[in-house]
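Analysis of the macromolecular model
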Amino acid sequence: MRLMIAAVGQRQPAWADAAYEDFAKRFPPDMRLELKAVKAEPRGSRTAEQLMAAEAQRLEAAIPKGARRVLLDERATRMTTADLAKRFEFWLSDGRDVVFFIGGPDGLDPQLKATADESLRLSDLTLPHAFVRVLLAEALYRAWSLRNGHPYHRE
């Protein structure tokens with residue numbers, strides 16, 4: 001199984017890229033965490049709906065066909081690390097790659113949202129995109145470590 005973060009926005013601060021890479025490299029070879037960052041549409045004369053639709057096309061082109069789709073959404077149900085570790089069990093039994101979508105400045109296109117298998121809430125707060133990538137990578141690694149009895153996670 002492959003875990004993939006599909007995110008709008010290619011340029012992040014160096015500290016965010018370094019922190020993301022630190023967590024991504026901790027995953028074992030049979031469960032890699034990959035980042036597919038797509039270009040954000042230039043803001044200007046087009047509507048938010050048009051911008052999100054164009055970004056959704058880029059996201060769709062970047063992900064594997066048939067993957068489980070998980071939207072990051074601050075309105076999704078709250079989840080603990082233990083809950084996320086249980087989702088890992090389900091995802092493994094499902095056998096598909098898992099893609100986590102992070103939208104651009106205007107969010108995710110409603111048509112892309114409609115294709116989601118589930119949603120994940122990282123926080124009640126609206127977070128900067130650079131933080132979200134790092135926080136998601138850490139949360140996924142922590143859930144993996146809990147599921148596998150690795151000492152990284154402590155209760």
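Summary of the structure given here.

The rules behind the values
Residues numbered from 1 in each chain as written. Predicted model: local features only at pLDDT ≥ 70, side-chain atom pairs only at ≥ 80, totals over all residues. Heavy atoms only, no water. Helix = DSSP H or I, 4+ residues; strand = E, 2+ residues; numbered from the N terminus. Contact = heavy atoms within 4.5 Å. Areas by Shrake-Rupley, 256 points an atom, 1.4 Å probe, with all protein chains shown as cover. Lys, Arg positive; Asp, Glu negative; His and termini not counted. Charge placed at Lys NZ, Arg CZ, Asp CG, Glu CD. Polar contact = N/O pair within 3.5 Å; in protein donor to acceptor, adjacent residues only side chain to side chain. Phe/Tyr/Trp six-rings, centres within 6.5 Å; stacked < 30°, edge-to-face > 60°. Buried < 20%, exposed > 50% of the residue type's maximum accessible area, 1.4 Å probe, protein only. Lys NZ or Arg CZ within 6 Å of the ring centre and 35° of its normal. Axes fitted to C-alpha atoms, helices over the stretch in contact; angles between N-to-C directions. Parallel < 35°, antiparallel > 145°, perpendicular 65-115°, else oblique. Left-handed = near helix turned anticlockwise from the far one by under 90°. Nonpolar A, V, L, I, M, F, W, Y, C, P; charged D, E, K, R; others polar.

When helices and strands are counted, the protein chain shows five helices and five strands. If you list the helices and strands of the protein chain from N to C, you get β-α-β-α-β-α-β-α-β-α. Considering only C-alpha atoms, the protein chain reaches an extent of 50 × 35 × 30 Å along its principal axes. The contacts in the protein chain between residues at least 6 apart in sequence include a share of 80% that link residues at least 24 apart. Accessible surface, the protein chain: about 8300 Å² in total, of which carbon and sulfur atoms supply 52%. The average position of the 24 basic charges and that of the 22 acidic charges among the side chains of the protein chain differ by 2 Å.

Along the chain, the position of aspartate 73 falls in the loop between strand E3 (68–72) and helix H3 (81–94). A polar side-chain atom of aspartate 73 sits 2.9 Å from the main-chain amide nitrogen of arginine 75. Apart from the residues within four sequence positions on either side, aspartate 73 is in contact with Ser119, Leu120 and Arg121.

Here we come to the environment of proline 105. Tracing the chain through its elements places proline 105 in the loop between strand E4 (98–102) and helix H4 (110–113). Separated by 19 residues in the primary sequence, proline 105 and lysine 86 have C-alpha atoms spaced 31 Å apart.

Once that is clear, we can look at the packing of aromatic side chains. This model, assessed by the stated rule, comprises six aromatic pairs. With centroids separated by 6.4 Å and ring planes inclined at 55°, the aromatic side chains of phenylalanine 27 and tryptophan 144 adopt a geometry described as tilted. With phenylalanine 27 in the loop between helix H1 (14–24) and strand E2 (33–38) and tryptophan 144 in helix H5 (residues 129–147), this pair connects stretches of sequence that are 117 residues apart. Of the two residues, phenylalanine 27 and tryptophan 144, neither departs from the other in class, the shared state being buried. An angle of 55° between the planes, with centres 5.6 Å apart, marks the rings of phenylalanine 88 and tryptophan 91 as tilted. One end of the pair, phenylalanine 88, and the other, tryptophan 91, are both in helix H3, three residues apart, so they sit about a helical turn from each other. Since its relative accessible area comes to 0%, phenylalanine 88 is described here as buried. Above the ring of tyrosine 141, the side-chain terminus of arginine 26 is found at 5.5 Å from the ring centroid.

Viewed as axis vectors pointing N to C, H1 and H5 meet at an angle of 15°, and their least axial separation amounts to 9 Å. One element, H1, and the other, H5, form an angle in the roughly parallel class. Crossing of H1 against H5: the hand is left-handed. Judged by residue contacts, Trp15, Ala16, Ala19, Tyr20 and Phe23 of H1 engage Ala130, Phe131, Arg133, Val134, Ala137, Glu138 and Tyr141 from H5. By residue class, the composition of the contact of H1 with H5 is ten nonpolar, no polar and two charged.

These figures capture arrangement, not role.
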